[in-house]
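# Tertiary structure, described
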Amino acid sequence: MAALQITDVHKRYGALQALGGVSFTVEEGEFFGLLGPNGAGKTTLISLLAGLSRADSGTVRVQGYDVVNQYREARSHLGVVPQELVFDPFFTVRETLRMQSGYFGIRRNDDWIDEIMANLDLTNKADTNMRALSGGMKRRVLVAQALVHKPPVIVLDEPTAGVDVELRQTLWKFISRLNREGHTIILTTHYLEEAQALCSRIAMMKLGKLLALDKTSDLINRISGSQLRVTLA
Ligand code: ATP
């Protein structure tokens, strides 16, 4: 079964066509890259996946579950790391992660929460209030939050935009481990080099359309010096 199946999805915001008939499939266990310049439609696609907005037409399935008609099942199989840092400022890191677990109906998962925090170098901030964390630390919590329910499919929306080298390395080490353990990873990024290092396949979007989708090495060969590189700028 596919981890993610997107079929002929259209989405408009007024006169603007944010997604104009996008279709692709991500297989279970893949590390998949979604690339494209500002406004390509990557975040719009993720908000449809997460059930935060609805497509005008077309379907999105997570592990076979339709994100509209089977929202709870689809959402419980999906971990989303959004771009925005939105938290309750008065909760500690541990409380934030327990709250998120509660959202998925999970009561006792402190061992897993401890393991996530250790892997993201957050352990010594466990009892710190969210408002007292730096931007980079908050970003780590955002990633941790997406993992509390051990989702088989993990989507990261530009998780390394504006973060330092150390956090990038910590993040990719942990995410790569989760991928080796069988989790499907879908990463949106502007950085071709980052996608090249991590992803086995890459889809390229521009202005709501899919421009190309291929194995990373094949795509990189085709891109060199061609107009596809320009579209990523
Ligand atoms: P970026 O790399 O900058 O994050 P993106 O590929 O994620 O870009 P989207 O954020 O999906 O692109 O935006 C696609 C288009 O839809 C853009 O033109 C954007 O302005 C528009 N858009 C996105 N959300 C809304 C909204 N809520 N209302 C109106 N227009 C929107």
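A brief look at the structure comes next. Here the structure is a predicted model, which is why all the values come from computation and not from measurement. (Residues numbered from 1 in each chain as written. Predicted model: local features only at pLDDT ≥ 70, side-chain atom pairs only at ≥ 80, totals over all residues. Heavy atoms only, no water.)

## Topic: the environment of M1
Positionally, M1 belongs in the segment before β1 (2-13). Sequence separation of M1 and Q63 is 62 residues, and the distance between their C-alpha atoms is 6.7 Å. (Helix = DSSP H or I, 4+ residues; strand = E, 2+ residues; numbered from the N terminus.)

## A look at helix α8 (residues 216-223)
Within α8, burial applies to T216, L219, I220 and I223. Summarising the axial view, the buried residues of α8 lie within an arc of 100°, below the 170-degree limit, and thus occupy one face. (Buried < 20%, exposed > 50% of the residue type's maximum accessible area, 1.4 Å probe, protein only. Arc of directions from axis to C-beta.)

## A few points about the side chain of H149
Its place among the elements puts H149 in the loop between α5 (135-147) and β7 (153-157). In this structure the side chain of H149 is engaged in a polar contact, spanning 2.8 Å, whose partner is the backbone oxygen of L78. Contacts of H149, omitting those with residues within four sequence positions, involve R75, S76, L78, G79, F104 and I106. (Polar contact = N/O pair within 3.5 Å; in protein donor to acceptor, adjacent residues only side chain to side chain. Contact = heavy atoms within 4.5 Å.)

## Structural notes on the site of the ligand
Every one of the 14 residues lining the ligand counts as a neighbour, but N38, G41, K42, T43 and T44 are closest to it. In the model, an oxygen atom of the ligand is placed 2.8 Å from a nitrogen or oxygen of the K42 side chain. At 2.7 Å from an oxygen atom of the ligand is found a side-chain nitrogen or oxygen belonging to T43. Bound to the protein, the ligand loses 62% of the 630 Å² it would expose on its own. Looking at the shell around the ligand, the elements with two or more residues in it are β2 (16-27) and α1 (42-49). Of the residues forming the shell around the ligand, the biggest block, three residues, is contributed by α1. Considered class by class, the residues forming the shell around the ligand number five nonpolar, seven polar and two charged. (Near = heavy atom within 4 Å. Areas by Shrake-Rupley, 256 points an atom, 1.4 Å probe, with all protein chains shown as cover. Nonpolar A, V, L, I, M, F, W, Y, C, P; charged D, E, K, R; others polar.)

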